[in-house]
Each structure stands twice: as C-alpha cells, then as structure tokens.
Amino acid sequence: MSTEKKKLAAAEGALDYIQAGDVIGVGTGSTANYFIDALAGIKGKIDGAVASSEATAKRLKNHGIQVLDLNSVPGLPIYVDGADEATSHRHLIKGGGGALTREKIVAGASEKFICIADDTKLVDTLGAFPLPIEVIPMARSHVARQLVKHGGIPELRDGYKTDNGNLILDVHNLTILNPIDKERELNNIAGVVTVGIFALRPADILVLGGESDLQIIQ
Ligand code: 5RP
C-alpha cells in the first residue's frame, strides 16, 4: 500500500474516536489534511474545530467547518494530528510543517491526543528526522550555538516564517534517548519558543496506517 493510502487509512481511523457534540482540535500537515477531508463528511456531528495553523483553519473553513478560537472553549475532548516520528512510548517529533508551537498548545489543551501517521513514522529512537525548533528571530545565533553544545547540527529553515512570526532551526545529528529530559533541556534555552519533541505531553493513542490494517498503540 502506498504511503498516501496509509495516511488516509489512519486519518479515517481517527473518526472512530469522535463523539457527537465534540469540538475537535485539528493538527497540520498532509495526514491532518486527510483527516480534515474525512471530518467534512461528519461535520453535522461536531460543534466545530480549533486549528493548529492558519493553513488548517483555511482548509476547515473551505469545508464549511466552524473554526473556533482556543480561548473561546473550556478545553478540548480530542486533538488529532500527524507526526514526523513516533515511538511505541507515544513520544513524538513534530514540526516538519512548522506548526509545532500551536500544535503543542492545542495538544496540551486536549484530553485525548490521537496521533495519526503511516507506519513508516514508527521508530525505536527519535532523532533521525531533524528536530524542528521554533526560535525568536533575535535569538537565532545564540540558540544555534547552544544546540551545537548539545551535539546538534542546526540548520535554519530557509525563507520560512512560522504563523507566529518566528524562525525554525532544524537540528540534525541528535539521538534522543530520553525524550522527556531532552524536551525540558532544549525548551530551557533562552530564545527557544518550542522544541518539536512531544514527550511531556505525549500522544495518548497512535493510529498507524499499515500494509493491510491499522495498528493502534495506546
Ligand atoms: C506539522 C507537523 C506534522 O504533523 C508532521 O510534519 C507530519 O506531517 P505529514 O502528515 O505531512 O507527514 O508536525 O508541524
């Protein structure tokens, strides 16, 4: 089965977790886009969505799904989003699409985080995918120097600005053996807005599209 079909299967699998009247937190990226398209088919069942990026808000609106401000809801029952890497402990690397900060906020505000991906995203150890880190522009060089001290090789995402007006450093050469400690450590560098490790608030359920079936890890 192609990677795209696996993503689609995972996205459609996430619909099973939605209850009538839910406001859904919605992630960003190609797998999240499949989810948004699938969500459109049951839009009468939900009370709206909170978007993790401008691109996601636009796609939701194009489907006629009401987009709500996170500040206008008391919390979210469910957040559905993709990942760049995931472990069986449900720790993730996210931010390949640059939306990591808003994604982490929406994930943090949600009771249940359903991560949808094709099964090639499942890894033993995080770090082969370059770790995205959102950085305040004036701190770019300082943060990059600190990351080198941590053994990383940071690369500025060329010509890219986040929805929050910041920069992304993609950090190569990291083997993330303890994602919880590494998330805390890198988040503590002055000038870092968010690191793309999602371990302090991991996914609750991984829905992975595979060759023939969905793999559920919880
Ligand atoms: C965006 C993300 C995405 O979830 C991640 O990059 C996976 O994307 P895709 O579903 O296109 O493979 O974190 O910031």
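Heads up: the structure comes first, above all this text.
Just so we're clear, the structure is a prediction, and the values are computed from it rather than from any experiment.

1. Quick word on the sheet that holds strand β6 (residues 110-118)
In a beta sheet, neighbouring strands are held together by backbone hydrogen bonds and run either parallel or antiparallel to one another.
Right, so step 1: Judged by pairing direction, the sheet is mixed, and its six strands sit side by side in the order β2-β1-β3-β6-β12-β13 without closing on themselves. Each edge of the open sheet carries a strand with a single partner, namely β2 (48-51) and β13 (214-217). Each adjacent strand pair in this sheet contributes to an overall mean axis angle of 20°, direction not counted.
Right, so step 2: The pairing of strand β3 (residues 76-81) with β6 spans five bridges and is classified as parallel. In the strand pairing of β6, Asp-81 is matched with Cys-115.
Right, so step 3: Across the sheet, helix α1 (residues 3-13) touches β6, β12 (205-209) and β13, and the angle it forms with β6 is around 160°.
Right, so step 4: Of the strands in this sheet, β1 (23-26), β3 and β6 are in contact with helix α2 (residues 30-40), which crosses β1 at around 155°.

2. With respect to the nonpolar core
A general trend in soluble globular proteins is that nonpolar side chains are found buried together.
Right, so step 1: If you look at the biggest cluster of nonpolar residues, it comprises 24 residues, and the most contacted ones within it are Phe-35, Leu-39 and Ile-116.
Right, so step 2: For this core, the secondary structure elements donating two or more residues are α1, β1, α2, β2, α3 (54-62), β3, β6 and β12.
Right, so step 3: Sort the elements by how many residues they give to this core and α2 lands first, with five residues.
Right, so step 4: For Phe-35, the residues in contact, after removing those within four places along its chain, are Ala-11, Ala-14, Leu-15, Ile-18, Ile-24, Val-26, Val-80 and Ile-116.

3. Description of a nonpolar patch on the surface
Right, so step 1: Among the surface-exposed residues, Ile-136, Met-138 and Val-193 lie close enough to one another that they form a single nonpolar patch of about 300 Å² accessible area.
Right, so step 2: As for its placement among the helices and strands, Met-138 is situated in the loop between β7 (131-135) and α5 (140-149).
Right, so step 3: Among the residues examined, Met-138 registers a relative accessible area of 79% and is labelled exposed.

4. Quick notes on the site of the ligand
Right, so step 1: If you check the shell around the ligand, you find 17 residues, and the closest are Ser-30, Thr-31, Asp-84, Gly-95 and Lys-121.
Right, so step 2: Ser-30 places a side-chain nitrogen or oxygen 2.5 Å from an oxygen atom of the ligand.
Right, so step 3: For the ligand, whose unbound accessible area comes to 380 Å², protein coverage reaches 91%.
Right, so step 4: Of the residues that constitute the shell around the ligand, the class distribution is two nonpolar, nine polar and six charged.

5. As for the pattern of salt bridges
Two side chains carrying opposite charge are able to pair once their charged atoms lie near each other.
Right, so step 1: Enumeration according to the criterion identifies 11 salt bridges in this entry.
Right, so step 2: Residue Glu-183 is joined to Lys-104 by a salt bridge in which the shortest nitrogen-to-oxygen separation is 2.7 Å. You can see Glu-183 sitting in helix α6 (residues 179-187) and its partner Lys-104 sitting in helix α4 (residues 100-108), a full 79 residues away along the chain. Across this residue pair, the class does not change: Glu-183 and Lys-104 are buried.

6. Examining the packing of α1 against α2
The axes of two packed helices give the description: the angle between them and the distance between them.
Right, so step 1: Packing of α1 against α2 leaves a shortest axis separation of 8 Å and a crossing angle of 50°. By the criterion of interaxial angle, the relationship of α1 to α2 is oblique. Seen along the crossing, α1 lies across α2 with a hand that is right-handed. On α2, the residues that touch Glu-4, Lys-7, Leu-8, Ala-11 and Glu-12 of α1 are Ser-30, Thr-31, Tyr-34, Phe-35 and Ala-38.
Right, so step 2: Residue composition of the contact of α1 with α2, by class: five nonpolar, two polar and three charged.

7. Digging into the sheet that holds strand β8 (residues 153-156)
Right, so step 1: Reading across the sheet, the four strands line up as β8-β9-β7-β10 and stay open at both edges, with antiparallel pairing between neighbours. Both edges of this open sheet fall to β8 and β10 (192-195), since each of them pairs with a single strand only. Between one strand and the next, the sheet's axes are offset by a mean angle of 30°, whatever the strand orientation.
Right, so step 2: Two elements, β8 and strand β9 (residues 167-172), share four bridges in a ladder whose sense is antiparallel. By the bridge assignment, Glu-155 is partnered in β9 with Asp-170.
Right, so step 3: Strand contacts of α5: β7, β8, β9 and β10, with the helix running at about 15° to β9, the strand carrying the most contacts.

What counts as what
Residues numbered from 1 in each chain as written. Predicted model: local features only at pLDDT ≥ 70, side-chain atom pairs only at ≥ 80, totals over all residues. Heavy atoms only, no water. Pairing = 2+ DSSP bridges. Helix = DSSP H or I, 4+ residues; strand = E, 2+ residues; numbered from the N terminus. Axes fitted to C-alpha atoms, helices over the stretch in contact; angles between N-to-C directions. Contact = heavy atoms within 4.5 Å. Core = buried A, V, L, I, M, F, W, Y, C linked by side-chain atoms within 4.5 Å. Buried < 20%, exposed > 50% of the residue type's maximum accessible area, 1.4 Å probe, protein only. Patch = residues over 30% accessible without salt bridge, like charges linked within 9 Å, V, L, I, M, F, W, Y side chains within 5 Å. Areas by Shrake-Rupley, 256 points an atom, 1.4 Å probe, with all protein chains shown as cover. Salt bridge = Lys/Arg side-chain N within 4 Å of Asp/Glu carboxyl O. Near = heavy atom within 4 Å. Polar contact = N/O pair within 3.5 Å; in protein donor to acceptor, adjacent residues only side chain to side chain. Nonpolar A, V, L, I, M, F, W, Y, C, P; charged D, E, K, R; others polar. Parallel < 35°, antiparallel > 145°, perpendicular 65-115°, else oblique. Left-handed = near helix turned anticlockwise from the far one by under 90°.

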